[in-house]
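Structural overview
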Amino acid sequence: MPVILYVIVAVIILLLLILISNIKIVPQAQVYVVERLGSFYQVWQNGLHFKVPFIDRVAKKVSIKEHVADFKPQPVITRDNVTMQIDTVVFYQVTDAKLYAYGVENPIGAIENLTATTLRNIIGELELDNTLTSRDVINTKITSILDEATDKWGIKVNRVELKNILPPREIQDAMEKQMKAERERRESILQAEGRKNSEILVAEGEKQSVILRAEAQKQSEILKAQAEKEAMILRADAVREQKILEAQGEAEAISLVQTAMAKSLRILSESNPSEQVLALKSLEAFAKAADGKATKIIIPSEIQSMAGLVTSAKELLTNVEQGE
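Note that this is a predicted model, so its numbers are computed, not measured. (Residues numbered from 1 in each chain as written. Predicted model: local features only at pLDDT ≥ 70, side-chain atom pairs only at ≥ 80, totals over all residues. Heavy atoms only, no water.)

1. A few points about the pattern of salt bridges
To be explicit about the condition: Whenever a carboxyl oxygen of Asp or Glu lies within 4 Å of a side-chain nitrogen of Lys or Arg, that contact is scored as a salt bridge. Per-residue accessibility, obtained with a 1.4 Å probe over protein chains only, is compared with the maximum for each type, and a residue is labelled buried under 20%, exposed over 50%, and partly exposed between these values.
Enumeration over the complete set of coordinates arrives at nine salt bridges. For D147, the salt bridge goes to K156, with nearest N and O atoms at 2.9 Å. Take K156: its relative accessible area is 33%, and that puts it in the partly exposed class. Across the pair R240 and E241 runs a salt bridge, and its minimum N-O distance is 3.6 Å.

2. Some words on unusual backbone geometry
So the rule is basically this: Secondary structure counts use DSSP, requiring at least four H or I residues in a row for a helix and at least two E residues in a row for a strand, with both numbered from the N terminus.
The phi dihedral of L37 is positive, around 55 degrees, even though this residue is not glycine. You can see L37 is positioned in the loop between β2 (30–36) and β3 (39–44).

3. Notes on the side chain of E35
Condition: Nitrogen and oxygen atoms within 3.5 Å of one another constitute a polar contact, given that in protein one can donate a hydrogen and the other can accept it, and given that sequence-neighbouring residues count only through two side-chain atoms. Two residues qualify as a contact provided that any one of their heavy atoms is within 4.5 Å of a heavy atom in the partner residue.
Take E35: it is sitting in strand β2. Of note is the side chain of E35, whose polar atom sits 2.6 Å from the side chain of R57. Apart from residues lying up to four places away in sequence, E35 is in contact with F40, Y41, I55, D56, R57, A59 and Y102.

4. Re the confidence of the model for the protein chain
The line we're drawing: pLDDT measures how confident the predictor is about each residue, on a scale from 0 to 100.
Per-residue pLDDT for the protein chain averages 81, and the proportion of residues at 70 or more is 81%. Put simply, helix α8 (residues 301–323) is where the protein chain has its lowest mean pLDDT, 51, and β2 is where it has its highest, 93.

5. A closer look at the packing of aromatic side chains
Short version of the rule: Pairing of aromatic rings covers Phe, Tyr and the six-membered ring of Trp, with a centre-to-centre limit of 6.5 Å; geometry is then stacked below 30 degrees between planes, edge-to-face above 60, and tilted otherwise. Placement of a charge over a ring requires the Lys NZ or Arg CZ to be within 6 Å of the ring centre, with the centre-to-atom vector within 35 degrees of the ring normal.
Tallied over the full model, the rule gives one aromatic pair. Note on F40 and Y102: the rings are 6.0 Å apart at their centroids and 80 degrees apart in plane angle, and the pair reads as edge-to-face. Residue F40 is located in strand β3, and its partner Y102 is located in helix α2 (residues 97–102); the two are separated by 62 residues in the primary sequence. Given a relative accessible area of 41%, Y102 falls into the partly exposed group. Taking NZ or CZ as reference, R36 lies 3.9 Å from the ring centre of Y41, over its face.

6. What about the nonpolar core?
Put simply, the test is: Remark: nonpolar core denotes a set of buried residues (Ala, Val, Leu, Ile, Met, Phe, Trp, Tyr, Cys) joined through side-chain atoms within 4.5 Å.
I86, L119, I138 and I142 are the most contacted members of the largest nonpolar core, which has 32 residues in total. Top element by residues in this core is helix α3 (residues 107–123). It accounts for six residues. Beyond its immediate sequence surroundings of up to four residues, L119 is in contact with V76, I86, T88, I138, I142 and L162.

7. Describing helix α5 (residues 135–149)
Inclusion rule: Multiplying 1.5 Å by the residue count of a helix minus one yields the expected span of that helix.
Given a rise of 1.5 Å per residue, 15 residues ought to cover 21 Å, and the 21 Å separating the end C-alpha atoms of α5 matches this to within 8%. Of the surrounding secondary structure, the elements contacted by the buried residues of α5 are α3, α4 (128–133) and β9 (155–166).

8. Quick look at the packing of α3 against α5
Spelled out, the test is: Here, axes are lines fitted to C-alpha atoms. For helices the fit covers the stretch in contact, and angles between N-to-C directions go from 0 to 180 degrees. Here is the rule for angles: anything less than 35 degrees is roughly parallel, anything more than 145 is roughly antiparallel, 65 through 115 is roughly perpendicular, and the remaining ranges are oblique. The crossing is said to be left-handed when, going from far helix to near helix, the turn is anticlockwise and less than a right angle, and right-handed when the turn is clockwise. Residues are grouped as follows: Ala, Val, Leu, Ile, Met, Phe, Trp, Tyr, Cys and Pro are nonpolar; Asp, Glu, Lys and Arg are charged; every other residue, Gly included, is polar.
Relative orientation of the contacting elements α3 and α5 amounts to 135 degrees, with a least axis distance of 10 Å. Relative to α5, the element α3 is oriented oblique. Pair α3 / α5 crosses with right-handed handedness. In this structure, α3 uses L114, T115, T118, L119, I122 and I123 to contact α5, whose residues at the interface are I138, K141, I142, I145, L146 and A149. The residue makeup of the contact of α3 with α5, split by class, is nine nonpolar, two polar and one charged.

Shown next, in the form of structure tokens:
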């Protein structure tokens, strides 16, 4: 009885071990390709799965993350018969685990060989200069061809990059000399352009300076002419004002003389002068007229008679003084 119990316990433990060993947990970013009795059964995604003991088998564990394959340099020949070494980097991802497991024996080797042959075909159509300057074109063509060719393998080629392009040593030396000559030519062109721009700027500066000096001289002459014009106007205004004032002064003087004469005549008229007084006033007027610069003097007849009268009076006074 105890032996049977041990056997039962052992069987139960064995069954538990078998059961536990057939419980599979698929991690994230992986899939399992499962075969049943040697044939493809299904693809397990991430999560908990149970495998039928002795019937189901995990044939392949496939990572669906993006992979990077760095291939060694491959010798290729350009259209102008230049041999160079090019190494490539391929970024791919498994999209169909079944095709990946059963499509090709060595997927990485197949991609490497396919990349090498495709690269030779593309580079063979290009010359050396185009090869060195057309990386994007080459990358795009290789990616398109590889992606189409690897569809039946369950692989998606996302991108292909040319990592290095190594031409022969003599080609590199010639390219370096050419680049050096090109740099020197560009430097000479830049220096010439710089001198040209400098001379242009200097000429423009001199031109602007001459223009500004001419404008300044023009403005100075305009201001000077305006100042002279204003000065002449002011002098003319001053002369005109002076003459107006002199004329006004003369007019006032004449008016005052005429007023004084009229007043004296009125006073004389009011005083009822005698003929002797009138004769005396005439003599005074005649004396003033004689003081002038006139070369000829016309003496009225009345004044001439008065002159004789004055002479007689003078003689009379002289005789009187002698009798005394």
